[in-house]
Amino acid sequence: MDIVAARQLARALAEQIGFSAGDATVVATAVSELARNIVDYAPPGEMVVRSIENGNRVGLVLVARDNGPGIKDIARAMRDGFSTSGRLGLGLPGVRRLMDEFEIVSEPGKGTCVTVKKWITRRGR
């Protein structure tokens with residue numbers, strides 16, 4: 001239920017600040033993937049979604065943070081097909097492809113923090 005609520009809130013904020021319906025769906029998908037990782041691997045955790053500005057650019061930043069077991073091998077976790085759950089292994093690599101900026105920091109035994117940004121694409125500028 002928390003995943004659905006996070007997805008809906010992120011989509012609403014994305015639309016409110018001017019993302020296209022398609023890009024709002026991309027943001028919602030990224031939120032779903034990041035929230036699912038927290039629920040499945042490292043509860044409890046938190047997700048922060050907020051609007052950002054950088055010069056003439058407007059966008060969203062998503063921060064997914066947990067105090068779980070951490071990721072031992074980030075490079076391996078970022079490869080398509082890697083999964084510790086037996087699923088497709090597209091979560092983190094997929095989020096990286098969907099978003100404009102991606103950063104992951106993890107320490108085994110202390111948790112993981114993923115920060116991603118999506119900027120509004122303005123045509124004709």
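Described below are features of the structure shown in this document. (Residues numbered from 1 in each chain as written. Predicted model: local features only at pLDDT ≥ 70, side-chain atom pairs only at ≥ 80, totals over all residues. Heavy atoms only, no water.)

**A closer look at the environment of Pro108**
Part 1 of the reasoning: Turning to its location among the elements, Pro108 is positioned in the loop between β3 (101-107) and β4 (111-119).
Part 2 of the reasoning: C-alpha separation for the pair Pro108 and Lys72, spaced 36 residues apart in sequence, amounts to 5.7 Å.
Part 3 of the reasoning: The residues contacting Pro108, other than those within four sequence positions of it, are Pro69, Gly70, Ile71 and Lys72. (Helix = DSSP H or I, 4+ residues; strand = E, 2+ residues; numbered from the N terminus. Contact = heavy atoms within 4.5 Å.)

**Section: helix α2 (residues 21-41)**
Part 1 of the reasoning: Taking 1.5 Å per residue as the helical rise, α2 with its 21 residues ought to reach 30 Å, and the 30 Å between its terminal C-alpha atoms agrees with that figure.
Part 2 of the reasoning: Contacts from the buried residues of α2 go to α1 (2-17), β1 (45-54), β2 (57-66), α4 (91-98) and β4. (Expected span 1.5 Å × (residues − 1).)

**Topic: the pairing of β2**
Part 1 of the reasoning: Among the 10 residues in β2, 8 count as buried, and that is most of the element.
Part 2 of the reasoning: Joining the antiparallel neighbours β1 and β2 is a turn of 2 residues, in which Gly55 adopts a positive phi near 65 degrees.
Part 3 of the reasoning: Judged from the 7 bridges that link them, β2 and β4 form a sheet pairing that is antiparallel. Its bridge partner being in β4, Leu62 is matched across the sheet by Val116. (Buried < 20%, exposed > 50% of the residue type's maximum accessible area, 1.4 Å probe, protein only. Pairing = 2+ DSSP bridges.)

**Thoughts on the packing of α2 against α4**
Part 1 of the reasoning: In the contact formed by α2 and α4, the axes pass within 10 Å of each other and the chain directions differ by 155 degrees. Overall, the two elements α2 and α4 adopt an arrangement that is roughly antiparallel. Between α2 and α4 lies a crossing of left-handed hand. Within the contact between the two elements, α2 uses Val26, Thr29, Ala30, Glu33, Leu34 and Asn37 and α4 uses Gly91, Leu92, Val95 and Leu98.
Part 2 of the reasoning: Across the contact of α2 with α4, the residue classes break down as 6 nonpolar, 3 polar and 1 charged. (Axes fitted to C-alpha atoms, helices over the stretch in contact; angles between N-to-C directions. Parallel < 35°, antiparallel > 145°, perpendicular 65-115°, else oblique. Left-handed = near helix turned anticlockwise from the far one by under 90°. Nonpolar A, V, L, I, M, F, W, Y, C, P; charged D, E, K, R; others polar.)

**Some words on α1**
Because each turn of an α-helix spans 3.6 residues, side chains separated by three or four positions in sequence point in the same direction.
Part 1 of the reasoning: With 16 residues, α1 should reach 22 Å at 1.5 Å per residue; the first-to-last C-alpha distance of 23 Å fits that figure.
Part 2 of the reasoning: For α1, the set of buried residues is Ile3, Ala6, Ala10, Leu13 and Ala14. An end-on view of α1 places all buried positions within 100 degrees of arc, on one side of the element. Exposed side of α1, more than 90 degrees from the buried face: Gln8, Leu9 and Gln16 are the residues found there.
Part 3 of the reasoning: Directly after α1, the chain includes Gly18, whose backbone phi takes a positive value near 115 degrees. (Arc of directions from axis to C-beta.)

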